[in-house]
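Inside the fold
As a plain string of letters, each chain reads:
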Amino acid sequence: MTGDTILDVENIELVYNKSVQVLRGLSLKVPRGQVVTLLGSNGAGKSSTLKAVSRLLSLENGEVTAGRIRFDGQDTRGMEPHALVRKGLFHVMEGRRVFEDLTVEENLTAATFALSGRGVKRTSFDMVYDYFPRLYERRQSRAGYLSGGEQQMLAIGRALIAQPSLILLDEPSLGLSPLLVEEIFTIIGRINRQTGVSMLLVEQNAAVAFAIAHYGYIMENGKIQLDGPSERLMADQDVREFYLGQSDGEKSRSYREIKHYKRRKRWLS
Amino acid sequence: MSDWLFFIEVSLAGLGSGALLSLTALAFVLIYKATQVVNLAVGEILMLGGYLFFAFAAGMGLSPWVAIPLAVIGGGIVGGIVERGIIRPMLGEAAISVFMVTVGLGSVLVGLVELIWGTDPRSLPNFIATAPLFLGEAYVSRKIAVAFVVAGIVVTVFLVLFRFWRGGVALRATATDQAAAYSCGINVPGVFSLAWIIGCATAAGAGVLLGAISGISPTMGIFGLSALVVVIVGGLDSILGALVGGLALGLIQSWTGTYLGGEYTSVVTFSLLIVALMIRPYGLFGTHEIERL
Ligand SMILES: Nc1ncnc2c1ncn2[C@@H]1O[C@H](COP(=O)(O)OP(=O)(O)OP(=O)(O)O)[C@@H](O)[C@H]1O
Ligand SMILES: [Mg+2]
C-alpha cells in the first residue's frame, strides 16, 4: 500500500493551544504522482491540515492529538519540520511567505537546504527560470518588491529547488487576478506531469483546482464531507452549487436543495 | 605639538576603540538577528574572554597565539551552552523575560570571575609590540592600531559571509520568517545555536583585544553597554549599522573624553542613547522601527 500512497492521513484530530479543536477525525490519501485537491470554505481547517502534515503546526502551539500521518510509509510523529522537508515533503505556505529582505536568487538558495544530507545534486536554478521566466528577469531584486503573482511563482520555485516527492500547496490562487491564476495553475499542472511530483492542493477556487486535480476532498468543520475523482465531484449537484457557483437550469437555490445538502452532509459524516 | 595633529591622534585612538565597539556590537546583532534576543550578557562574555586569555597565557603559560584561539573558542562554548540550556527552553516566552535572564546571566558570570580571579584589575601578557606607530606625524598606540585592523577585518568578513555564504542566507531567512525558513529545510534551531556560538566567540575575541589595551577587570563588561548603545542606534539587526555606529561612537567618546574630560564620556554616550530612543520610540524591542540605519 505504501508503494502507491505517498501521503496517508488517518483520522487525525488537531487541537490549538490545548483547547480549540479544529480537526475531528480527518482522513485523506494522496496517491503517488497525483494531484489531490482539498476544498472547503474559510475556517474549515484546510491550512491546519497541511500544517499537521508538514509539522509546521508545532510552531503555532498546535498538536495532533489522535490519528496517524504517514509520509512515504513512515509515521511522521515527532519529526522536526526541517527534517521532514529534507525527506522530500515541501509545504508552500498560505500567503506565499517569501523572504522579503532576500533577493529572488537568495530565496532559491535558502531552499537548497532542503537537499542537505540527501546526496542529490543541487538543482539548477535554470529549472525554476524555465517554468517561470519572469523570475529570471527579477532574480536580483528583493522578493519584497515582486508582485503578488511573482511572489507566488517564487514560492513554488523554492519547492522545485527542493526536489520533493510531495508538495503541499496552500491556496496558490490567493489574491491573484483570474488571468494569473490560470497561468500559474497551468504551470502547476505541467510541473506535476513533467516531474511526477505528487501534490496536495488546498483551494477555495474549486474550478481551477479541479482542472488539474485527479481527485478531490471536500471538508467542512474539521472533517471530510465528500470525496471522489475530480470529474465525479464536478458533476455533483451540491458541489456545482456550493463550490463552483453554478446552478443547473432555471432552478435557483431553493430551501429544499439546501436541506438536501445538509442531509447529505450529515449522512456522509 | 599642533592642535590639529593632536586632534588627529585623538581621532585615531577613537577609531581604534570604535572598531572594538563595532566588533562587540556585531555579537549583539548576530544573536538578535537569529533569535530576537537582546543578550545583555555580551559584555560579560567579553570580560570572560579576557580572563580566559589571562588564564591560558599567564596562568598556564601558553603562548599568546595558542591562548587567543582558546579564549575565543571558550567564549563560543559558553554561548552554545547558554543557548541550548537556557535560551532554547524559553522559546515563546516574552522578550522581556528572556532579556532579564541574560541580565542575570551577566551577573552570574561576574560573580564566577570574581570568585576565581578576584576583583583586582589585571594586565594581560603583552603579545603586541609596544613600540609606537606613526601615521605620517601622528602617533598611534600599536595595540590600538592592531585592534582596529583585526576588528575591521572580522567585521568585513562577516559582512561578506552574510551576503554570499549559504549559511548567511540561512541566518537572514531565519531572521525574516522562521516558519518559512523551516519550510525550506533550514535547521532553524541549528541557526540559533550557531549564532550564539559565533556571537559569543566574537565577544570573547573583542575581550582579548580590549584587555590587551586597557587590562582586564570584572567590571569591564560595562563596555558591552556602549556596544548596546551602538546597536540600538545602528539597528539591532544590521551589521553595517554595527560597523558604522561603532566607529562613530568610538570617535565621539574619544573626543568628549579628551576635550571635556573622562567623566563626560558616559554622560554623552547615554544622552545619545536617549536621543536615539526619542527619535525611534519603539527602540529596544520594536524591531521594525530600528531595523536599518
Ligand atoms: N495558530 C492558531 N491558533 C488557534 N487557532 C487557530 C490557529 N490557526 C488556525 N486556527 C483556527 O482554526 C480554524 C481553521 O483554520 P485554518 O487556517 O486551518 O482554516 P482554512 O480552512 O485554511 O481557512 P482559509 O480558507 O480562510 O485559509 C479557524 O477557526 C482558525 O481560527
Ligand atoms: Mg487557509
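Model, not experiment: these values are computed from the prediction.

Take the pairing of strand β9 (residues 215–220) of chain A next. Residue and element names in this part refer to chain A. Of all 6 residues in β9, 5 are buried; the element is thus mostly enclosed. When strand β3 (residues 35–39) meets β9, the two strands line up parallel, connected through 4 bridges. In the strand pairing of β9, Val36 is matched with Tyr215. The pairing of β9 with strand β10 (residues 223–229) spans 6 bridges and is antiparallel. Residue Met219 lies in a different strand from β10, and its bridge partner there is Ile224. With antiparallel pairing between neighbouring strands as the criterion, β9 and β10 make up a hairpin whose turn holds 2 residues, including Asn221 at a positive phi of roughly 50°.

Residue and element names in this part refer to chain B. Where nonpolar side chains cluster on the molecular surface, the patch consists of Phe148, Val149, Ile153, Val157, Leu161, Trp165 and Leu194 and spans about 610 Å² of accessible area. For the nonpolar patch, the element with the most residues is helix α5 (residues 142–164), which contributes 5 residues. Locating Phe148 in the fold gives a position in helix α5.

Its place among the elements puts Ser183(B) in helix α7 (residues 178–183). Looking at Ser183(B), the relative accessible area reads 3%, which means it is buried. Beyond its immediate sequence surroundings of up to four residues, Ser183(B) is in contact with Leu56(A), Val85(A), Phe90(A), His91(A) and Met93(A).

Residue and element names in this part refer to chain A. Overall, antiparallel pairing links the 4 strands, which are arranged β2-β1-β4-β5 in an open sheet. Of all strands in the sheet, those bounded by a partner on one side alone are β2 (20–31) and β5 (74–75). Here strand β1 (residues 5–16) pairs with strand β4 (residues 62–71) via 8 bridges, running antiparallel. Bridged to Leu14 within β4 is Val64.

Time to look at the site of ligand 1. All names here are of chain A. As a structural note, the neighbourhood of ligand 1 is formed by 15 residues, with Asn42, Lys46, Ser47, Ser48 and Gln204 the closest of them. Glu60 is positioned with one of its side-chain polar atoms (N or O) 3.0 Å from a nitrogen atom of ligand 1. Calculation on ligand 1 without its partners gives an accessible area of 630 Å², and the protein chains cover 67% of this total. A breakdown of the residues in the shell around ligand 1 according to their chemical character gives 3 nonpolar, 8 polar and 4 charged.

So, on to the packing of helix α3 (residues 104–111) of chain A against helix α6 (residues 166–176) of chain B. Across the interface, α3(A) lies against α6(B) with an axial gap of 9 Å and an inter-helix angle of 100°. As summarised for this structure, α3(A) and α6(B) are arranged roughly perpendicular, according to the angle between their axes. Contact with α3(A), carried on its side by Glu106(A), Thr109(A) and Ala110(A), involves Arg166(B), Val169(B), Arg172(B) and Ala173(B) of α6(B) and no other residues of that element. When grouped by side-chain class, the residues that make up the contact of α3(A) with α6(B) number 3 nonpolar, 1 polar and 3 charged.

Residues and elements named next belong to chain A. Pairing within the open sheet is mixed, and its 6 strands lie in the order β6-β7-β8-β3-β9-β10. Here the strands that pair on one side only, and so sit at the sheet edges, are β6 (89–92) and β10. Taken pair by pair, the neighbouring strands of this sheet meet at an average axis angle of 15°, ignoring direction. Bridge count between strand β7 (residues 166–170) and strand β8 (residues 198–203): 5 bridges; the pairing is parallel. By the bridge assignment for β8, Leu169 is matched with Leu201. Helix α1 (residues 46–54) contacts β3, β6, β7, β8 and β9 of the sheet and is inclined by roughly 150° relative to β7.

Buried residues dominate α6(B), accounting for 8 of its 11 residues. Those residues of α6(B) lying buried are Gly167(B), Gly168(B), Val169(B), Ala170(B), Leu171(B), Arg172(B), Ala173(B) and Thr174(B). Packed against the buried residues of α6(B) are α3 of chain A together with α1 (3–35), α5, α7 and α8 (188–214) of chain B.

Before going further, it helps to spend a moment on the confidence of the model for chain B. Residues and elements named next belong to chain B. When pLDDT is averaged along chain B, the result is 90; 95% of the residues meet or exceed 70. Scored below 50 in pLDDT, residues 283–293 shows 28 contacts in the model against residues more than four places distant or in partner chains. In the model output, the complex is listed with pTM 0.88 alongside ipTM 0.89.

With respect to burial, β3(A) is a largely interior element, 5 of its 5 residues being buried. Residues of β3(A) alternate between two faces, with Val35(A), Thr37(A) and Leu39(A) on one and Val36(A) and Leu38(A) on the opposite face, all of them buried.

Now for the layout of surface pockets. Residues and elements named next belong to chain B. Volume-wise, the second largest pocket comes out at about 460 Å³. Lining the second largest pocket are 21 residues, and of these Met90, Leu91, Gly92, Gln178 and Phe192 lie nearest its centre. Put simply, the parts of the chain that give the lining of the second largest pocket at least two residues each are α1, α3 (64–87), α4 (95–117), α7 and α8. At 3 residues, the largest contribution of residues to the lining of the second largest pocket is made by α8. When grouped by side-chain class, the residues that make up the lining of the second largest pocket number 12 nonpolar, 5 polar and 4 charged.

Attention now goes to the coordination of the magnesium ion (ligand 2). Residues and elements named next belong to chain A. Within the first shell, the magnesium ion (ligand 2) binds the protein through Ser47 (OG) and Glu94 (OE), at distances of 1.9 to 2.5 Å. Taken together, the residues Ser47 in helix α1 and Glu94 in the loop between β6 and α3 connect sequence positions 47 residues apart. The class of Ser47 is buried, set by a relative accessible area of 16%. Relative accessible area serves as the criterion here: at 33%, Glu94 is assigned to the partly exposed category.

Right, let's talk about the interface of chain A and chain B for a bit. The interface is formed by 25 residues belonging to chain A together with 21 residues belonging to chain B. Between chain A and chain B the total buried area reaches about 2000 Å² when both faces are included, carbon and sulfur atoms providing 63% of it. By the criterion of area lost to chain B, the three top residues of chain A are His82(A), Phe99(A) and Phe113(A), representing 30% of everything that side buries. Counting across the interface, chain A meets chain B through 3 salt bridges. For the interface between chain A and chain B, the tally reads 5 residue pairs in polar contact (both at pLDDT 80 or more). Its residues placed into classes, the side of chain A that touches chain B shows 12 nonpolar, 5 polar and 8 charged.

Thresholds, definitions, all that
- Residues numbered from 1 in each chain as written.
- Chains lettered and ligands numbered in written order.
- Predicted model: local features only at pLDDT ≥ 70, side-chain atom pairs only at ≥ 80, totals over all residues.
- Heavy atoms only, no water.
- Buried < 20%, exposed > 50% of the residue type's maximum accessible area, 1.4 Å probe, protein only.
- Helix = DSSP H or I, 4+ residues; strand = E, 2+ residues; numbered from the N terminus.
- Pairing = 2+ DSSP bridges.
- Patch = residues over 30% accessible without salt bridge, like charges linked within 9 Å, V, L, I, M, F, W, Y side chains within 5 Å.
- Areas by Shrake-Rupley, 256 points an atom, 1.4 Å probe, with all protein chains shown as cover.
- Salt bridge = Lys/Arg side-chain N within 4 Å of Asp/Glu carboxyl O.
- Contact = heavy atoms within 4.5 Å.
- Near = heavy atom within 4 Å.
- Polar contact = N/O pair within 3.5 Å; in protein donor to acceptor, adjacent residues only side chain to side chain.
- Nonpolar A, V, L, I, M, F, W, Y, C, P; charged D, E, K, R; others polar.
- Axes fitted to C-alpha atoms, helices over the stretch in contact; angles between N-to-C directions.
- Parallel < 35°, antiparallel > 145°, perpendicular 65-115°, else oblique.
- pLDDT = per-residue confidence, 0-100.
- 1 Å grid on protein atoms, 1.4 Å probe; cavity = no way out; pocket = protein on both sides within 12 Å on 5 of 7 lines; lining within 4 Å.
- Points joined across faces, edges and corners; volume = space filled by probe spheres on them.
- Donors = N, O, S within 2.8 Å, 3.2 Å for Na, K, Ca; no water.
- Buried area = accessible area lost by both parts, 1.4 Å probe.

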